[in-house]
Structure formats: structure tokens, C-alpha cells
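# Residue-level structural notes
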Amino acid sequence: MADRITDDELTEGVARRPRRRSLRLGMLRPAAMAVIAFSAFFAVWEFASGQLISPFLLPPPSKVAQTAVPMLESGEILRHASISLWRVFVGFTLGSLVAIVLGVIMGRLRLVNELADPVIEFLRYLSPTAMIPIAVIWFGIGEASKYFLIFWGTVFFVLINTIAGVMRTPVPRQRAAQCLGASRLQIFLTVVIPSSVPFIVTGMRVAMASSFMSIIPAEMLAANSGIGYLLQASAIMVQTDRIFVALATISALGFATDRLFRFACDRLLHRYMAWSGSN
Amino acid sequence: MLTIDSVTKIFGEPATGYRALKDVSIEVPEGEFLCLLGPSGCGKTTLMNIMAGFEGINGGRVLLHGRPVTGPGRDRMMFFQDAGSALFPWQTVEENVQYGLKLQRIPAAERRRRVDFNLSMVGLDEHRRKFPAQLSGGMRQRLQIARGLAVDPDILLMDEPFGALDAMSKRRMQGFLLDIWQRTGKTIVFVTHDIAEAILLADRIAVMSVGPDSRFRDIVTIEIPRPRDPSSPGFGEVYAQIERLLGHDLDRHEG
Ligand SMILES: Nc1ncnc2c1ncn2[C@@H]1O[C@H](COP(=O)(O)OP(=O)(O)OP(=O)(O)O)[C@@H](O)[C@H]1O
Ligand SMILES: [Mg+2]
């Protein structure tokens, strides 16, 4: 954060400094709120378990932490988590790439869009979970079926958003480029695609969240590794404390990847994103 | 010289569609400041789009320097009312102005010279590293003007460029546009439905009638010497004359 501010000072002049400062102070408030909220949440949970609900059904946070420590030390959590993460990464990346390429073409070519749209409208209701049985038959219980399911979950979100972004590129912007001498291809590459970036990123964020939701059932039903598998194996042994460790891991992973993705977008696509809110 | 020769425009099927323009004719000589004035929906934007080459026509001819217009070109630059949506928000002020120059593969040194020249002409050289979202409405409009002027078009087509500005910025922008026009000698076609704005700016005002089958009700030459003072009696007389021309349509509109 610190080098970011000096950066801005160089380009924007010192006039922005006071605003930046208050902005940073303002950011402390949500952080403080989060700490308070989580403390309260864990306190209520700790109290409820034992007093209101059997600690076997709802193990207190202290018990979950006790269970988690050896699992962390032995590398068990890390191994399952990294396997799940890798599956999400592969499926998500493939799905996004395919969707972006298809989407910019479909948004631009009316006939292709008209032909593909009804099919997409129909297929998008098939959630990755619904596709698990057929994925196992097609790809077996190995890695390919998981890649496919994440891919399936990603592709529609990103595709629909990409098409919307391309189609909503303001006509005046395209016409202005035309007057400035741009060819159709140049308009597509230098106006339409940059204009669609905020839409594409939104689609990818939604897809990322859904990927984390669909990897779990996929691993529960058809895998012998990954967080979903850990969850399922603990359930079969009725080890509720281990179930809660797995659940906490899923939350942490989803949250961390979303923040990382947002951070990367802010850094890399800053110019394309900054205006999307105000315009 | 831009020639509009009995142009007819129908939206939709020729037999059943909306007949927006019917036999519209005007010749715009080099260096003229022409205003198109008329009630909402009379076809001003449509006529501008035809001149720019964005829209086809159903009859008549559009000639630029004697050659038929078949599509948009760098010789005619359209300026949109909503500068925010016409600019490239991911590019800085400077990069926006460079866009057209880069397409022409103009060497970097010459590009820099033209960017500097046009940015200082519109008074944005202090803001060259800002993004459009960091500019005021009037500054965005000036940026759009600088970006268009950088590719050195013959004709500026401006569709209510100051329509969204407050009265004071509008005043300033009008003075500023007259200044640029006098310095560059460009031909300007300027759409407005503000009578005073048209009288302040134009060599001639083409007053349009409401559609369908809209056409020029009259073309009024403004003889008042520049700079023009809106509070002068001469100004008031022209104002009344144009109001009378529009009056017929205004009654019909509100009735
Ligand atoms: N694409 C279109 N399809 C059908 N009708 C259209 C289309 N574009 C414009 N029209 C019609 O043509 C007429 C003229 O429209 P135009 O936008 O040129 O008006 P205008 O004079 O610019 O109005 P305003 O002052 O409100 O901008 C209107 O009646 C409008 O409904
Ligand atoms: Mg209009």
C-alpha cells in the first residue's frame, strides 16, 4: 500500500494526499468491525456448544482448533487444499479463456449470437452438481472429471457477461473511433474489448465463487483427495470436529482467492476498471 | 463543400416506415458555421448521421468536395453530446488525443507536437495524465474536441455538444468554439435546439420543421457582426424572427 501512495503522488501531485489519508483511516473501520463481528460470532458459538447444543453435533471453536492443529502440522489440510485449489485453477482458467474468446465473437457476430443464445439459455441451468454423474461416466473419477465440472460451472457465467460487455460498448465510442480512422478490426481490438473488461471481470468473479461451491460436491462424490473428499471421509466416520475443520478451510480458501483475484485485477486492469462504477 | 441534395430518409420499410426526412437540400461552403435548429424529433441527429456516413439514405445525394459520401471518414469528425461515452475511459487525456494519430502511424515526435498543440488549444495541458472520469463535463467535451481536431478533419459535425452543460460552462464553451473556428477555419455543422446559441454561433441557421417528412422551413443568414451580444436589439430581432419560424411547430407540438 505504501509504495502505491508515493506512486500516486508522483503522477497526481501532492494535492491528493489528504484525501488518501482519510481514505486509509476510513478503511480501518470495516476491519475493526470484522474483528468485533468474528469475536462475537466465536463467543456465541463457544457458548452455544455445550450449553444449548450437544458439543458432538456442534463442536466448539476451541475443539475445532485443537483438531485443526495436528491436521495442519501433518500437512493433511495443505495437501487436500492444494489439490482442490489446483482443480479449481485449471477448470476456471480453461473455462474463462474459452468463454472470453467465444463471448467476444458472439457479442460481435449477430448470426452466431442468435444461433448460440437459445442453446446457452438452456444449458446454463445445468449446474455442475447435476453434471457430476455424466462427468464420471465420461471422464472417470480422476482429475479430468473435476476439471470438466469446474469448467462447466465457469464457462456460462463468463460467457454471458462477456457477450453483455461487448454488446453494451457505447455506440458513440465506436463511431468516434471510426471517425478517427479505425477499421472494423481496430475498433474491435482497441475499443470493444477494452470496454468489455469490467463485465468480463465481474463474470469471472461470480464464476470463481461458484467454482468453490461446485468443487466440493464433485470431490465428495467422485474423488479420493481434495477438501470435498476430506469432508466426506470425516462424515462417514462421523467426526464432526474434522467436518468443521474442512468447512472452515473451504471458507478460508474461497475468501482468500476472491481477495487475491480482486487485488490482481486492481493492479493489472486498473485503468479498465476504475471508471466502471462512475460511468 | 458539403452538398446535401434532396435527401430523403425513411426508417424501416420504404413503403411503411417512418419518413424522417423528405427532400432536404443545403450546400455548406468551406469554413462556414452552420447551425441546425429545430424541435425535438425533427431529424437533426438523423441528418448529422447521414453527413457523417453512419446512416444510409433512401433518396438524393450527399457529396463531399463533389464526391459521394459512402461511409464515415477522417475528413468528417462527429462530436457527441455525451462526451463521457464517446471518450476512451481507460486512456489518459493525452492517450485519447493520440488515438487517431497512432492509427495513422504518425511518427512519435510529430504526434507529441500535435498532442501538445491541441491540448493547449482546449486548455487541458495541465490535465494530460488524468483519466476522463477525473474531468468535469466541460473538460470532457473539450477533450473530445481536441481528440477530433488532432486528426485534422475538414468538417466538424457537432450534435448538441453543450446540451448537457450548465449555463455558465455553456457560455464559456461557445466562446471557446468560436475561437477555435476562427483560428482553424474549419467547416462546422452544429445541432442545437437553443435559439440563442444558434444566433450566437452561426453564419447561417437552417430551421427544420417537425416530422414526418421533415425539411428545412427556412435558412436564415445571420448578419450580426461578431462578437455578438445577446442583449443587443439586433440579436433580439433575429431571435423573434426565428421564434416565429418555429412557432408554428411549437404550437403543434404542445397542442
Ligand atoms: N433508428 C431509428 N428507427 C426508427 N425511427 C428513428 C430512428 N432514429 C430516429 N428515428 C426517428 O426519426 C425522427 C428524428 O429523430 P432524430 O434523432 O434525428 O431527432 P432530433 O431532431 O435529433 O431530436 P432531438 O432534438 O430530440 O435530439 C424521430 O421521430 C425518431 O423517432
Ligand atoms: Mg438529436
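Overview of the structure.

Basis of the calculations
Residues numbered from 1 in each chain as written. Chains lettered and ligands numbered in written order. Predicted model: local features only at pLDDT ≥ 70, side-chain atom pairs only at ≥ 80, totals over all residues. Heavy atoms only, no water. Helix = DSSP H or I, 4+ residues; strand = E, 2+ residues; numbered from the N terminus. Expected span 1.5 Å × (residues − 1). Buried < 20%, exposed > 50% of the residue type's maximum accessible area, 1.4 Å probe, protein only. Arc of directions from axis to C-beta. Contact = heavy atoms within 4.5 Å. Buried area = accessible area lost by both parts, 1.4 Å probe. Salt bridge = Lys/Arg side-chain N within 4 Å of Asp/Glu carboxyl O. Polar contact = N/O pair within 3.5 Å; in protein donor to acceptor, adjacent residues only side chain to side chain. Nonpolar A, V, L, I, M, F, W, Y, C, P; charged D, E, K, R; others polar. Near = heavy atom within 4 Å. Areas by Shrake-Rupley, 256 points an atom, 1.4 Å probe, with all protein chains shown as cover. Pairing = 2+ DSSP bridges. Axes fitted to C-alpha atoms, helices over the stretch in contact; angles between N-to-C directions.

### Brief notes about helix H4 (residues 108-121) of chain B
Residues and elements named next belong to chain B. The terminal C-alpha atoms of H4, which comprises 14 residues, lie 20 Å apart, in line with the 20 Å expected from a rise of 1.5 Å per residue. All of the buried residues along H4 are Arg111, Arg114, Val115, Asn118, Leu119 and Met121. Taken down its axis, H4 places every buried residue within 155° of arc, on the same side. Looking at H4, the residues exposed on the side facing more than 90 degrees away from the buried face are Ala109 and Arg112. Tucked inside the fold, the buried residues of H4 contact helix H3 (93-103), helix H5 (137-150) and helix H6 (167-184). At the exit of H4 stands Gly123, carrying a positive phi of roughly 70°.

### Quick word on the interface of chain B and chain A
Counting residues at the interface gives 28 residues for chain B and 23 residues for chain A. Together, the buried faces of chain B and chain A total about 2200 Å²; carbon and sulfur atoms form 64% of this surface. Three residues, Trp90, Tyr99 and Leu103 of chain B, lead the burial of chain B against chain A; their summed loss comes to 29% of the area buried on that side. Here chain B is connected to chain A by 1 salt bridge. For the interface between chain B and chain A, the tally reads 5 residue pairs in polar contact (both at pLDDT 80 or more). Secondary structure elements with two or more residues in the side of chain B that touches chain A: strand S6 (76-79), helix H2 (83-86), H3 and H5 of chain B. Here the side of chain B that touches chain A gets 4 residues from one element, more than from any other, and that element is H3 of chain B. Taken together, the residues that form the side of chain B that touches chain A break down as 15 nonpolar, 9 polar and 4 charged.

### Some remarks on the site of ligand 1
All names here are of chain B. In the vicinity of ligand 1, the contacting residues are Phe11, Tyr18, Ala20, Ser40, Gly41, Cys42, Gly43, Lys44, Thr45, Thr46, Glu160 and His193. Backbone polar atom of Cys42 to an oxygen atom of ligand 1: 3.2 Å apart, as the coordinates give it. Contact between ligand 1 and Thr46: an oxygen atom at 2.5 Å from a side-chain N or O atom of the residue. Surface burial for ligand 1 is 60%, taken as the share of its 630 Å² of free accessible area covered by protein chains. When contributions to the shell around ligand 1 are tallied by element, the ones reaching two or more residues are strand S2 (18-28) and helix H1 (44-52). For the shell around ligand 1, the element with the most residues is H1, which contributes 3 residues.

### Quick notes on the environment of Gly71 of chain B
Residue and element names in this part refer to chain B. Along the chain, the position of Gly71 falls in the loop between strand S5 (67-68) and S6. Assessed through its relative accessible area of 14%, Gly71 is described here as buried. Along the primary structure Gly71 and Phe54 are separated by 17 residues, whereas in three dimensions their C-alpha atoms are 6.2 Å apart. Ignoring sequence-local partners within four residues, the contact set of Gly71 consists of Ala52, Gly53 and Arg76.

### Concerning the pattern of salt bridges
In this structure the tally under the stated criterion is 23 salt bridges over all chains. The salt bridge involving Arg87 of chain A is made with Glu219 of chain A; its shortest N-O contact spans 2.8 Å. Placement of Arg87 of chain A in helix H4 (residues 76-108) and of Glu219 of chain A in helix H9 (residues 184-221) is noted, with a sequence separation of 132 residues between them. We classify Glu219 of chain A as buried; its relative accessible area is 0%. The partner of Asp258 of chain A in a salt bridge is Arg262 of chain A, with the nearest N and O atoms 3.9 Å apart. Linking Asp258 of chain A with Arg262 of chain A, this pair stays in helix H11 (residues 240-268), spanning 4 residues, or about one helical turn. Asp258 of chain A sits in the buried class, given a relative accessible area of 16%. A cluster of three or more residues bridged by salt bridges with shared partners is formed by Glu94, Asp116, Arg128 and Arg129 of chain B.

### Quick word on the side chain of Thr8 of chain B
Relative to the helices and strands, Thr8 of chain B is located in strand S1 (residues 2-11). In terms of polar contacts, Thr8 of chain B uses its side chain to reach the backbone amide nitrogen of Asp23 of chain B, at 3.3 Å.

### Side note on the sheet that holds S5 of chain B
Residues and elements named next belong to chain B. Taken in spatial order, the 4 strands line up as S2-S1-S4-S5 in an open sheet, and their pairing is antiparallel. Each of the sheet's edge strands pairs with one partner strand only, and the pair in question is S2 and S5. Pairing geometry for strand S4 (residues 59-64) and S5, over 2 bridges, is antiparallel. Of the residues in S5, the one forming a bridge with Leu64 is Arg67. Of the strands in this sheet, S1, S2 and S4 touch H1, which is tilted by about 120° from S1.

### Topic: the sheet that holds strand S10 (residues 216-221) of chain B
Within a beta sheet, neighbouring strands are joined by backbone hydrogen bonds and run either parallel or antiparallel to one another. All names here are of chain B. Sheet architecture is open: 6 strands sit in the order S6-S7-S8-S3-S9-S10, paired in mixed fashion. The open sheet is flanked by S6 and S10, the only strands paired with a single partner. The average undirected angle you get between the axes of adjacent strands in this sheet is 15°. Sheet topology places strand S9 (residues 204-208) next to S10; 5 bridges connect them, and they run antiparallel. Along S10, the bridge assignment pairs Arg204 with Thr221.

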